[in-house]
Amino acid sequence: MTANRLSGPLPDPAGEAGYPADHPERVGFFTDTSVCIGCKACEVACKQWNLLPEDGLDLTGMSYDNTGELSGTTWRHVAFIEQRVPAVDLGMPSVGPQDEQEQPPEDQIRWLMSSDVCKHCTHAACLDVCPTGALFRSEHGTVVVQDDVCNGCGYCVPACPYGVIDKRPDTGGVAKCTMCQDRLGADLAPACATACPTESIQYGPLDELRERAAQRVDELHERGVTSARLYGHEPDDGVGGDGAFFLLLDEPEVYGLPPDPVVTTRDLPSMWRHAAGAALAGAALIAGCFAGRTR
């Protein structure tokens, strides 16, 4: 039985794309949101290196977020999520009248901050549906857009399960994070990872990042942060694992991420089989109608 190459675990996406066996190992991003300080250095570095237009200062009054979401001109987006959480009574002595000391601690406000980016999926639906070859798999396992080949059809936009890729209003073509493909070819880390002051964005071989992320989750659990969990790291998930995955401190939906993303082209083979079966049945019915007629 032939495996469906549009879904499921795939150890070597670059090799599957036709690169020779000695191609570079797959690289990716591990974003540890527990140490993100929301400085937006990654956003600025991304725009500067890739010559992307600025987004302005259209603040909503409800957040420090001025970009809102990923787009064709914003390839890194730092989300700010404000939450009210129960305060933890550490049993420390306090000052003031006795009646005030006996009051239960009030709820506290915490910020969840996360730098979102293209996930560089193992099975990338945007790449699967591109009719011109503008989207391609690089030798590093990343998914890259060629501006001069894109015809602006936009098929890739609804195909992305994360809503990452989008059209650029100034060029009409689609655009997204390339993981700084030009820098990778010169043995340089992507601009965002280089600029991050807390190492919230970590770049390197994907297998090493997955091991490091698992150790980080164990460390946080030992510290009592039981909500820490990884997102997008499993090779057997709906997209075959992400090349850019995250450590989150709450449910994915809180960060605007789909809880169970699935590559949207996964069911194409079965859809074509059903369509072909229906077409053959229709043709047989029509042929039967004409064959039953007499002159």
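This write-up is about the structure you can find in this document. (Residues numbered from 1 in each chain as written. Predicted model: local features only at pLDDT ≥ 70, side-chain atom pairs only at ≥ 80, totals over all residues. Heavy atoms only, no water.)

### A closer look at the overall build of the protein chain
Helix and strand counts for the protein chain stand at nine helices and ten strands. Counted over contacts in the protein chain with a minimum sequence separation of 6, partners at least 24 positions apart contribute 66%. For the protein chain, the exposed surface amounts to about 16,400 Å²; the carbon and sulfur share of it is 55%. (Helix = DSSP H or I, 4+ residues; strand = E, 2+ residues; numbered from the N terminus. Contact = heavy atoms within 4.5 Å. Areas by Shrake-Rupley, 256 points an atom, 1.4 Å probe, with all protein chains shown as cover.)

### Looking at the environment of G243
With respect to the helices, strands and loops of the structure, G243 is situated in the loop between β9 (229-231) and β10 (244-248). Separated by 64 residues in sequence, G243 and M179 have C-alpha atoms that sit 9.9 Å apart. Residues in contact with G243, not counting those within four places in the same chain, are R26, V27, G28, F29, K119, H120, M179 and L206.

### So, the sheet that holds β9
The strand order across the open sheet formed by four strands is β8-β1-β10-β9, and the pairing between neighbours is mixed. The open sheet has two edge strands with one neighbour each: β8 (201-205) and β9. Within this sheet the neighbouring strands show an average axis-to-axis angle of 25°, counted without direction. Taken together, the five bridges between strand β1 (residues 27-32) and β8 define a ladder with antiparallel strand orientation. Each residue of the ladder has a partner; that of G28, found in β8, is G204. Lying on the sheet, helix α8 (residues 206-222) is in contact with β1, β8, β9 and β10; it crosses β8 at an angle near 135°. (Pairing = 2+ DSSP bridges. Axes fitted to C-alpha atoms, helices over the stretch in contact; angles between N-to-C directions.)

### A look at the pattern of salt bridges
The final tally for this structure, using the stated rule, is eight salt bridges. With a closest N to O distance of 3.0 Å, K119 and D116 form a salt bridge. The pair K119 / D116 is uniform in exposure class, with both members buried. In this structure, R229 and E251 form a salt bridge, with 3.5 Å as the shortest nitrogen-oxygen distance. (Salt bridge = Lys/Arg side-chain N within 4 Å of Asp/Glu carboxyl O. Buried < 20%, exposed > 50% of the residue type's maximum accessible area, 1.4 Å probe, protein only.)

### Digging into unusual backbone geometry
In the Ramachandran plot, L51 falls in the positive-phi region, its phi being about 55° despite a non-glycine side chain. Structurally, the position occupied by L51 is in the loop between α2 (41-50) and β2 (77-85). One non-glycine residue with positive phi stands out, namely H120, at about 45°. Along the polypeptide, H120 turns up in the loop between β3 (108-116) and α4 (125-129). Looking at H120, the relative accessible area reads 1%, which means it is buried.

### Here's the deal with the side chain of K119
By the secondary structure assignment, K119 is in the loop between β3 and α4. Among the residues examined, K119 registers a relative accessible area of 1% and is labelled buried.

### Comments concerning the layout of surface pockets
The calculated volume of the largest pocket comes to roughly 280 Å³. Looking at the largest pocket, it is lined by 17 residues, and the ones nearest its centre are E69, L70, H77, D116 and G256. Of all the secondary structure elements, the ones that give two or more residues to the lining of the largest pocket are β2 and β3. Counted by class, the lining of the largest pocket contains eight nonpolar, five polar and four charged residues. (1 Å grid on protein atoms, 1.4 Å probe; cavity = no way out; pocket = protein on both sides within 12 Å on 5 of 7 lines; lining within 4 Å. Points joined across faces, edges and corners; volume = space filled by probe spheres on them. Nonpolar A, V, L, I, M, F, W, Y, C, P; charged D, E, K, R; others polar.)

### Things to note about the state of the cysteines
In total, this model carries zero disulfides according to the counting rule given. Free cysteine C153: the closest other cysteine sulfur is in C130, separated by 6.2 Å. Unpaired in terms of disulfides, C156 finds its nearest cysteine sulfur in C153, a separation of 6.2 Å. (Disulfide = S-S within 2.5 Å.)

### Notes on α8
With 17 residues, α8 ought to run about 24 Å at 1.5 Å a step, and its terminal C-alpha atoms sit 25 Å apart, in line with that. By the burial criterion, the buried members of α8 are L206, L209, R210, A213, R216, V217 and L220. Burial along α8 is one-sided: seen end-on, the buried residues are contained in an arc of 125°. Residues D207, E211, Q215 and E222 are exposed on α8 and point more than 90 degrees away from its buried face. Each element contacted by the buried residues of α8 is listed here: β1, β8, β9 and β10. (Expected span 1.5 Å × (residues − 1). Arc of directions from axis to C-beta.)

### Here we look at a nonpolar patch on the surface
Residues Y64, I109 and W111 make up a contiguous nonpolar surface patch of about 330 Å² in total accessible area. Here W111 shows up in strand β3. (Patch = residues over 30% accessible without salt bridge, like charges linked within 9 Å, V, L, I, M, F, W, Y side chains within 5 Å.)

### Quick look at α2
Every buried residue belonging to α2 is among C42, E43, A45, C46, K47 and N50, and all of these are buried. Directly beyond the C-terminal end of α2, a positive phi value near 55° is found at L51.

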